[in-house]
Amino acid sequence: MTKLTYKIAIIGAGPAGYFTAQAFQKAQDKELTFAIDMIERLPTPWGLVRSGVAPDHPKIKTVSKVFEKIAKEDHFRLFANVELGKDISLKDLREAYDAVVLATGSATGRKLGIIGENLKNCISAADFVPWYNSHPDFTNVAVDLNTDTAVVIGAGNVAMDIARMLAIDPTELDPTDTAQHALDVFKASKVKKVIICGRRGPEHAAFTAPELRDLPKLENTDVYIDADQIHQASLRVDQMGEVEKDLNNNLEAMQLIAKHDKKGVERKLEIKFLAAPKEIKGIDKVEEVIFTINEVKDGKVIGTDKTFSIKTGLVVTAIGYDAVEYPGVKIENGRIANIAGHVEHNIYVTGWAKRGPVGVIGTNKSDSSDVVDLIIDNLKEPKNSTGIEGLLKSGHQVINQVGWEKINATEVISGELAGKPRIKEVDWKRLISLGTS
Ligand code: NAP
């Protein structure tokens, strides 16, 4: 029997991209091979594992070992520093490969759409998170922590990551891979109180229980939640009848936070619910946020005519993301328009770009595996094409797996000397020079 080899292009070297590659690798057998080219805009792979996961949660980043194992398999090639829509077109890729899988994530921060959102020091998580994570495009984000109170809007895990980064003692970040430029700003920070504001009730919060349970363990920060708000939420949930385990776990974790003994330290992190941002006030920069007090009536969250305000010099919005638009794809409801992962022709989508910005890193595994099953079902005769060869301009500085390993080793070695997991290079030119030397 003749051996079939299909050429697959995966765009985006984040968790969804790697899990897609892994699903193809697992589907191989004696008669079937997938030659995988992973194309990445940045000079470095790993996506959100590198530029999204909070530096004080290093365990989550250990999944990068799985990515490196996938990258070491036969028939896998990395093409980093190659941008879709600029260095290479979707049309060319579609013609050159048997299947193209877009795993480009959701990198555009959603907007609140309220007055004052454009004031200085109202920053989207889409800028703030990559800034402290050494993303080379975000080193110059202007972050001013010359305020005693910071407000983080949104009741999800990204809001919690950001609030923790602002509320913990910055010396706790010394043994992490936080960007040095951000560490300098955190060390000069005047912020002593961080308030997370969720617009709905505790029962609607998007936090996950393990992350909530970590909060009382913070060494230098006391965490507050109004015990009565959690109690009221539990009563409402009890009336709903059968309740999902995750929701009960979340409410239990919140009760734990409300009731745990406080350390009496200066640094505080508070989680407020039923607080919908109405207006951000300030002359040159953020000075105050006005919130509408919401209430839950008959299971529905509704606004009241009551408001309250928080004086603050910093607002970070962590209210979700939309997929980035590029030539050749249509965005619908913040996602690349698709049906179960199929976009059109031989183009597919996976991860956040497919389903929206929901789910933890592991969620991408089953999602990508489903998309790969669909692709394999749809495959016809392998194309007689050359793949990426000839599609890039001559002299284009591609960073391949060997080049990335050089960058990786350099970062890890400089980290070792400083007692950190790594010191990430933040400069595009130096990254490219390291990866192509
Ligand atoms: P998310 O979980 O969807 O949370 C977004 C939050 O923003 C929700 O509370 C939402 O409230 C709120 N929001 C949306 N629009 C708003 C508005 N106009 N005004 C006020 N609030 C608004 O999104 P995320 O925090 O960006 O996280 C994305 C995914 O990454 C999640 O699945 C998360 O679990 C995951 N993640 C996991 C970890 C971890 O495992 N450690 C860390 C970071 C992120 P409504 O519910 O009312 O819309």
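Procedures and definitions
Residues numbered from 1 in each chain as written. Predicted model: local features only at pLDDT ≥ 70, side-chain atom pairs only at ≥ 80, totals over all residues. Heavy atoms only, no water. Helix = DSSP H or I, 4+ residues; strand = E, 2+ residues; numbered from the N terminus. Polar contact = N/O pair within 3.5 Å; in protein donor to acceptor, adjacent residues only side chain to side chain. Contact = heavy atoms within 4.5 Å. Disulfide = S-S within 2.5 Å. Buried < 20%, exposed > 50% of the residue type's maximum accessible area, 1.4 Å probe, protein only. Near = heavy atom within 4 Å. Areas by Shrake-Rupley, 256 points an atom, 1.4 Å probe, with all protein chains shown as cover. Nonpolar A, V, L, I, M, F, W, Y, C, P; charged D, E, K, R; others polar. Domains from an automatic or database assignment. Pairing = 2+ DSSP bridges. Axes fitted to C-alpha atoms, helices over the stretch in contact; angles between N-to-C directions. Phe/Tyr/Trp six-rings, centres within 6.5 Å; stacked < 30°, edge-to-face > 60°. Core = buried A, V, L, I, M, F, W, Y, C linked by side-chain atoms within 4.5 Å. Buried area = accessible area lost by both parts, 1.4 Å probe. Salt bridge = Lys/Arg side-chain N within 4 Å of Asp/Glu carboxyl O. Parallel < 35°, antiparallel > 145°, perpendicular 65-115°, else oblique. Left-handed = near helix turned anticlockwise from the far one by under 90°.

Caption draft 1: Up close: the side chain of Thr-176. Checked against the element boundaries, Thr-176 lands in the loop between helix H6 (157–167) and helix H7 (180–187). Of the polar contacts made by the side chain of Thr-176, one reaches the side chain of Thr-178; its length is 2.7 Å. The contacts of Thr-176, once residues within four sequence positions are left out, are Pro-55, Asp-56, Lys-420 and Pro-421.

Caption draft 2: Summary view of the state of the cysteines. Inspection of the entire model under this criterion finds 0 disulfides. Cys-197 provides the cysteine sulfur closest to Cys-122, a residue in no disulfide bond, and the two sulfurs are 12 Å apart. With a relative accessible area of 1%, Cys-197 lands in the buried category.

Caption draft 3: Structural detail: the site of the ligand. By nearness alone, 22 residues border the ligand, and Ala-155, Asn-157, Arg-199, Arg-200 and Gly-359 come closest of all. A distance of 2.8 Å separates an oxygen atom of the ligand from a polar atom in the side chain of Arg-199. A distance of 3.0 Å separates a nitrogen atom of the ligand from a polar atom in the side chain of Glu-211. A total of 920 Å² of accessible area belongs to the ligand in isolation, and the protein chains cover 81% of it. Counting residues per element, the shell around the ligand draws most heavily on H6, which supplies 3 residues. Each residue belonging to the shell around the ligand can be placed in one class, and the counts come to 14 nonpolar, 4 polar and 4 charged. Two domains each put at least three residues into the shell around the ligand: domain 1 (4–107 + 322–398) and domain 2 (111–319).

Caption draft 4: Spatial organisation of the sheet that holds strand E12 (residues 288–297). On the basis of which strands lie adjacent, the open sheet formed by 3 strands has the order E11-E12-E13 and antiparallel pairing. In this open sheet, the two strands that pair with only one neighbour each are strand E11 (275–281) and strand E13 (300–311). Strand-to-strand twist in this sheet, taken as the mean axis angle between neighbours without regard to direction, amounts to 25 degrees. Two elements, E12 and E13, share 9 bridges in a ladder whose sense is antiparallel.

Caption draft 5: Inspection of the packing of aromatic side chains at higher detail. Going through the model one piece at a time under the given rule, you end up with 13 aromatic pairs. On the basis of an interplanar angle of 75 degrees and a centroid distance of 5.9 Å, the ring pair of Phe-19 and Phe-67 is categorised as edge-to-face. With Phe-19 in helix H1 (residues 15–26) and Phe-67 in helix H3 (residues 64–72), the pair connects residues that are 48 residues apart, well separated along the chain. When sorted by exposure, Phe-19 lands in the same class as Phe-67, which is buried. With a centroid separation of 6.4 Å and 50 degrees between ring planes, the pair formed by Tyr-132 and Phe-186 is classed as tilted. Taken together, the residues span a long stretch of sequence, with Tyr-132 in helix H5 (residues 125–132) and Phe-186 in helix H7 at a distance of 54 residues.

Caption draft 6: Here's a closer look at the nonpolar core. Ranked by internal contacts, the top residues of the largest apolar core, which has 57 residues, are Phe-128, Tyr-132, Ile-162, Leu-166, Phe-186 and Phe-207. Sorting elements by how many residues they give to this core places H6 first, with 7 residues. Ile-70, Ala-80, Ala-99 and Tyr-348 belong to the second largest nonpolar core, which has 38 residues in total.

Caption draft 7: Local environment of the domain arrangement of the chain. By domain assignment, the chain separates into domain 1 (4–107 + 322–398) and domain 2 (111–319). Each of domain 1 and domain 2 was reduced to a C-alpha centroid, and the two centroids are 33 Å apart. Every contact between the two is made by 12 residues of domain 1 and, on the other side, 17 residues of domain 2. Each partner contributes to the roughly 1200 Å² buried at the junction of domain 1 and domain 2, and carbon and sulfur atoms together form 52% of this total. In this assembly, domain 1 and domain 2 are joined by 3 salt bridges. Here Asp-177 and Lys-61 are joined by a salt bridge, their closest N and O atoms 3.1 Å apart. At the junction of domain 1 with domain 2, the criterion picks out 7 residue pairs in polar contact (both at pLDDT 80 or more). The class makeup of the residues in the side of domain 1 that touches domain 2 is 5 nonpolar, 3 polar and 4 charged.

Caption draft 8: View of the packing of H1 against H3. Two numbers describe how H1 lies on H3: the axes approach to 10 Å, and their chain directions differ by 45 degrees. Taken as axis vectors, H1 and H3 run oblique relative to one another. Note on packing geometry: the crossing formed by H1 with H3 is left-handed. Along its contact with H1, which presents Pro-15, Tyr-18, Phe-19, Ala-21, Gln-22 and Gln-25, the element H3 presents Val-66, Phe-67, Glu-68, Ile-70 and Ala-71. Taken together, the residues of the contact of H1 with H3 sort by class into 8 nonpolar, 2 polar and 1 charged.

Caption draft 9: Representation of the pattern of salt bridges in the model. Counted by the stated rule, this structure contains 26 salt bridges. In this structure, the salt-bridge partner of Asp-37 is Arg-77, at a minimum N-O distance of 2.8 Å. One end of the pair, Asp-37, is in strand E2 (residues 32–40); the other, Arg-77, is in strand E3 (residues 76–80), and 40 residues separate them in sequence. By relative accessible area, Asp-37 is classed as buried at 4%. Salt-bridge contacts for Glu-389 lead to Arg-77; the nearest nitrogen and oxygen are separated by 2.9 Å. With Glu-389 in the loop between helix H12 (363–378) and helix H13 (401–418) and Arg-77 in strand E3, the pair connects residues that are 312 residues apart, well separated along the chain. The partly exposed category is assigned to Glu-389, whose relative accessible area is 43%. Linked through salt bridges whose partners overlap, the residues forming this network are Asp-37, Arg-77 and Glu-389.

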